[in-house]
Every structure is written in structure tokens, then in C-alpha cells.
Amino acid sequence: MNKNKTAITGSFLQELKQSFNDARIVLLLIALLMAPLIYLTFNRLFQDFEISAVGYQHMDMIDQILQGKPVYAPLSVEFSAVTYTPLYWYMCAFVFKLFGASFVAARFVSLIGTIIFLATIAAFIWKTAARNLLLAVVAPCVILLTATVPGYNWWPTEINVNGVHFAFVALGFYLLQSPLTVRRTFFSALFLCLATLTKQTGMAYVCTAGVLVLLLSRKYAILYAFVSLIVLLGAFLVLNISTHGEFYRQVVTSNQGPPWLLSRLFDEVIKENFFGLTGVMALLTYIRIALDLKRKGGFKNLLRADYFLCATGVIVACIAHPKYGSGPNHDVIALTGFVICGSIGLYQLTQLLPPEFRRSLLISVPLLQLAVAGIATINNYPKLLIDSHDRIKNDEIAAVFSKGQTCFYATPYIEKHFGQLAAGTADDEACKWNNGQLDYSSIPDFLSTPFRRQAYDYVIIGSYRDPQHPVMKTIMENYQVIHKLPAHPIYPWSESMRHDCYILAANRLLD
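Everything numeric in this text was worked out from a predicted model, so none of it was measured.

Basis of the calculations
Residues numbered from 1 in each chain as written. Predicted model: local features only at pLDDT ≥ 70, side-chain atom pairs only at ≥ 80, totals over all residues. Heavy atoms only, no water. Helix = DSSP H or I, 4+ residues; strand = E, 2+ residues; numbered from the N terminus. Rg over C-alpha atoms; globule rule 2.2 N^0.38 Å. Buried < 20%, exposed > 50% of the residue type's maximum accessible area, 1.4 Å probe, protein only. Contact = heavy atoms within 4.5 Å. Areas by Shrake-Rupley, 256 points an atom, 1.4 Å probe, with all protein chains shown as cover. Lys, Arg positive; Asp, Glu negative; His and termini not counted. Charge placed at Lys NZ, Arg CZ, Asp CG, Glu CD. Core = buried A, V, L, I, M, F, W, Y, C linked by side-chain atoms within 4.5 Å. Expected span 1.5 Å × (residues − 1). Arc of directions from axis to C-beta. Patch = residues over 30% accessible without salt bridge, like charges linked within 9 Å, V, L, I, M, F, W, Y side chains within 5 Å. Salt bridge = Lys/Arg side-chain N within 4 Å of Asp/Glu carboxyl O. Polar contact = N/O pair within 3.5 Å; in protein donor to acceptor, adjacent residues only side chain to side chain. Axes fitted to C-alpha atoms, helices over the stretch in contact; angles between N-to-C directions. Parallel < 35°, antiparallel > 145°, perpendicular 65-115°, else oblique. Phe/Tyr/Trp six-rings, centres within 6.5 Å; stacked < 30°, edge-to-face > 60°. Lys NZ or Arg CZ within 6 Å of the ring centre and 35° of its normal. Pairing = 2+ DSSP bridges.

## Concerning the overall build of the protein chain
Point 1. The helix and strand tally for the protein chain stands at 23 helices and six strands.
Point 2. Here the C-alpha atoms of the protein chain give a radius of gyration of 25 Å, agreeing with the 24 Å that 2.2 N^0.38 yields for 511 residues.
Point 3. If one aligns the C-alpha atoms of the protein chain with their principal axes, the spans along those axes are about 85 × 50 × 50 Å.
Point 4. By residue count, 55% of the 511 residues in the protein chain fall in the buried class.
Point 5. Relative to all contacts within the protein chain whose residues are 6 or more apart in sequence, the contacts with residues 24 or more apart total 74%.
Point 6. Accessible surface, the protein chain: about 22,800 Å² in total, of which carbon and sulfur atoms supply 65%.
Point 7. Treating the 40 positive side-chain charges of the protein chain as one cloud and the 32 negative ones as another, the clouds have centres 14 Å apart.

Structure (C-alpha cells):
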């Protein structure tokens, strides 16, 4: 057994060395291209604050767990639940207990998930495209570049569920490559269930992967279905019972409120992302499908994990992204599917061509796709870097909290970060949407009570400042603007905490 393992390892290293020698210069150029992304990662990773309110919202959910409270609870002055499934927050809470609560620790959880995700993409192609190192390197680089496009929010280090969710999805489908075994089927079902427990769109991947397993093997389909049912049903019952039904209300029904916008499907999902960011690999995917359908076996040739990953990603993107309040992160798995399928398709296509064309195509086409993705990121990259203006802004906010009891309206956790009590909830998804329309008539009055009583010495109002919002109206009646923290001088609209922030003092302090 040990001799066999040694032989396999030696063969792997020999093939890796040969692949590197064949494309050494190109790989070095790619490494130089990736250097700005490595810098961006370290630029954001170790900051002790956020430039987006989203990060504070997720930190609040993690803190809820650390306090021993139900992760989903009814709306209150102190708390408004984020409507995702909770696994990422539990993972962060575990890390916090080991190393202490911090923005850095939460970002590390996302980063580790991202590394696993990118490594799985590379493994997909390495295994299927005759261990072509260039294709295996370019594919994850393309996906990483898309994270710098506007709307993707640099998810590799964002305090959010996405990096971990992508990792579980990719691992789940990677294990479904033939030949299926009991172990691979079991862990595939488990990982895809964990993807669902990280973000509810994972349910689509559980279902379509189950269809693939059923078409390949009825015996393994029973195992897959059993594991999926036990994990998901058990998790649902535990979460729903422990939160007195709030899990179902927050995660399922609350997400039905915001409307679905058809225009976003064509403009953002199909045109900008599918045909824009990964258009070269998408075209190669379609060519590969046509070639597979013409080969012996026809439709059966499409019963592959990478095809099902891509198809499900497209479905999820087309359903979830156009929804109001959603964004391009729902498209990442679809883009990943195009890149994996297209890379494999490119390799298969070159095997049909004369040898003198193979090497040039296997280098030029991946570089073309990398260039297309890179061009889309050029203008947005500087906006992603946290700079001195962001640090000064955070110091100015901290100074307000040091003067007295302060509420940063509609930005949870930041009060706890500065050593004060949670405050300033504006609403939640369930109370502000009615039949797909924004409706403030159901926002409970108790959210306005602390401001009516002037419970806080100071209130900071940032990007969330709709003058028609009932809580906002109450604030303006009982507080007066005394100072403005100016927006970021270069990128004032790029992130919510970079907007103009207004400092208001209670009327009782000004009398």
C-alpha cells in the first residue's frame, strides 16, 4: 500500500513539474496579475471595522449566538434577524470562542472557505482535462477576478455567508464525478446540505445533485436522499423549535416579500455576467455540449457533475439575482460552472485539432478569458481598497460614541463594538413589504419609542435615511443635526459607511 501511495505521489509531482515547465512564463504572468488581489485581501483582512453595514449585520447574528440567545428572534429595538440560514454564523461563533470576537476572525472564516472553493475548481479541471496546470490555474483566477466587479463586494474576505457557501457547493459536486461510491455519495449529500444551511439557495443544489445521482445509480440515490432528508429535516426541526417558529418566518416567509424584477434578469444576469464576465468559457461550454450530444451516448454524456453544477448555478442566478435587494453573488456558481465546463471543453476541442494548434490554443484562449474578466475589474479595484479616509471616518464615529450614549441608526452591532448597548433597529423584511411593495404602515411603533423618549444622547444617520420611514420621522422630530461626517472624497457611493453621515443630538441636550 505504501509503495503504491509513493508511486502515485511521485507520478503526480512529475506531471505537475512537467505542466509547470510547459507553461512557466504564462504562469508567472498570471501570478503577477493576481498580486493586486493578494494585496487587496491583506488590505481588508485585518481591519477592525467595516465599510459596509452588511458586515455589522452578520456580526450581530454571530453575537446573538455567543450570548446564548436564539439565532432568530422577533423584531425588537435591539435586534433584527438577517434572513439567511445560520451555519456561517455558528462557524464564526466557534472561532470567536477560540480566538476572541473580532472582524478579522470572521473574515478568516470567509477566506478559508474561499481557498477551499478555488482549490476545488482547480481540482475539477486538473482531474478532467488531463492534468493541464494552466487550465487548472486560470479557472479559479477568473472566478477570483469576478469578485472585484461592482456588486460582488469582494466576497473572499467579506463578513458574509458566500465564501463558505460556495466551498460546500463546489465540494458537493466535485465528489459526484464518476465513479460514484458510498463514501463519495454520502459526503456529497452532506456538503450540499451544509451549503443549504449556510445559504438557503443551496436547496436547489441538493435537489439537482439528487437528480444526477438518481440518473446514475438508483442504489446510491437512496443513500443520497436518506442523508439529505435526515440532515435538512433534523436541522429545520431543531432551528424552528428552538426559535419558536422564527426560523421559518425569517428565512422562508420574509424572503417572499421583495419583488422580482425581470429587467435585472436580462441586463445584469445574462448580459453583464454570463456573456460579459465569462463569455469566452460560456461559448466553449455550448460547443462542448454540442460535441457531447453528437458523440456516442448522446444525452447520457451530459450526466456529469460539472454540467449539473453549471445548470443549477444558472437556474439559481436567474431566480435569485433579479429579486430586489439581491445581487451578483448569486451568479458565482453559474460563472464557476461556465469556467469549469468551458475549460474542459477547450481541452477536448484541442484534441480534435492538429498538434501544432493545441499548445497555442490552450494558452491563448484561457488568457483571453482572463483578460476579459480582468478588464471588467480595472475601474472598480481602487474602490475596494480600504484607505486613510475610511480609517479617519471610523475614528470620527468612535469619537461620537465616546461622548455619550449613541445609536448608529439601522446599523446593528456597531454599538456593541464600541462598548454600548444594542440600539436603533429600523425594521425587518417581514414588516416593510406587502405583496411585493414597500409599505411602512406595518412597522411597529415600539421601534420609534426610544427616539421619542430621547433615550440616546446622539444618533448617527448614514445611508439608510428614507425621510418617509416612520422611525426616521420620529428621529427628526426629537433630534437635531449638529455635525456632518463627509462622505469618502473619491468613492462616496461605493459602500454604505462611506456615505455622508449626520450626527444628531437629542433636543434635551440643546435646550
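## A short note on the nonpolar core
Point 1. Counting 136 residues, the largest nonpolar core has Y88, W89, F117, I143 and F173 as its most contacted members.
Point 2. Excluding residues within four positions of it along the chain, Y88 makes contact with A106, V109, S110, E158, I159, N160, V161, V164 and T198.
Point 3. If you look at the next biggest cluster of nonpolar residues, it comprises 21 residues, including Y409, A426, I461 and Y479.

## Digging into helix α18 (residues 388–403)
Point 1. Under the 1.5 Å per step criterion, the end-to-end length of α18 is 23 Å for 16 residues, consistent within 8% with the ideal 22 Å.
Point 2. The set of residues buried in α18 consists of D390, K393, N394, I397, V400 and F401. Projection of α18 onto a plane perpendicular to its axis shows the buried side chains occupying an angular sector of 110°, all on one side. Counted as exposed and oriented over 90 degrees from the buried face of α18: D395, S402 and K403.
Point 3. Residues of α18 that are buried make contact with α3 (53–66), β1 (406–408), α19 (414–417), β4 (458–461), β5 (479–485) and β6 (501–506).

## Structural notes on a nonpolar patch on the surface
Point 1. Taken together, the side chains of I38, F42, F46, F108, I112 and I116 define a hydrophobic patch exposed on the protein surface, amounting to about 580 Å² of accessible area.
Point 2. Counting residues per element, the ones that place at least two in the nonpolar patch are α2 (24–45) and α5 (103–128).
Point 3. At three residues, the largest contribution of residues to the nonpolar patch is made by α5.
Point 4. With respect to the secondary-structure elements, I112 resides in helix α5.
Point 5. Relative accessible area serves as the criterion here: at 48%, I112 is assigned to the partly exposed category.

## Some thoughts on the pattern of salt bridges
Point 1. Scanning all chains against the criterion turns up 15 salt bridges.
Point 2. Two residues, D292 and R288, come together in a salt bridge whose shortest N-O distance is 3.8 Å. Of the two residues, D292 and R288 are both situated in helix α13 (residues 279–294); the distance of four residues between them amounts to about one turn of the helix. R288 carries the same exposure label as D292, and that label is buried.
Point 3. A salt bridge links R452 to D445; its shortest N-O distance comes to 2.9 Å.
Point 4. Salt bridges linked by common partners bring R288, D292, R295, R304 and D306 together as one network.

## Considerations on the side chain of T336
Point 1. Residue placement: T336 occurs in helix α15 (residues 332–350).
Point 2. According to the relative accessible area criterion, T336 is buried, its value standing at 1%.
Point 3. A polar side-chain atom of T336 sits 2.8 Å from the main-chain carbonyl oxygen of V332.
Point 4. Setting aside its immediate chain neighbours within four residues, T336 contacts F117, I121 and I143.

## Considering the packing of helix α6 (residues 133–146) against helix α16 (residues 355–375)
If you want to describe how two helices pack, look at the angle between their axes and the distance between the axes.
Point 1. As a packed pair, α6 and α16 sit with axes 9 Å apart at the nearest point and diverge in direction by 10°. For the element pair α6 / α16, the angle class is roughly parallel. Side by side, α6 and α16 meet where L134, L135, V138, C141, V142 and L145 of the first sit next to L362, I363, P366, Q369, L370, A373 and G374 of the second.

## Topic: the packing of aromatic side chains
Point 1. Using the criterion set out here, one finds 23 aromatic pairs in the structure.
Point 2. In textbook terms, an aromatic cluster arises when at least three aromatic residues are bridged by ring pairs, as seen for Y72, W89, F236, F247 and Y248.
Point 3. Taking the ring centre of Y174 as reference, the NZ or CZ of K127 above it sits at 5.8 Å.
Point 4. Geometry around Y220 places K219 over its ring, the cationic atom sitting 4.9 Å from the centre.

## A word on the sheet that holds β5
Point 1. Read from one edge to the other, the open sheet built from four strands follows the order β1-β4-β6-β5, with strand pairing classed as mixed. Each edge of the open sheet carries a strand with a single partner, namely β1 and β5. The average angle at which neighbouring strand axes cross in this sheet is 25°, direction not considered.
Point 2. Direction of pairing for β4 relative to β6: antiparallel, over a ladder of four bridges. Bridge assignment links Y458 to a residue of β6, and that residue is A505.
Point 3. Packing against the sheet, α18 makes contact with β1, β4, β5 and β6, and its axis sits at approximately 155° to β4.

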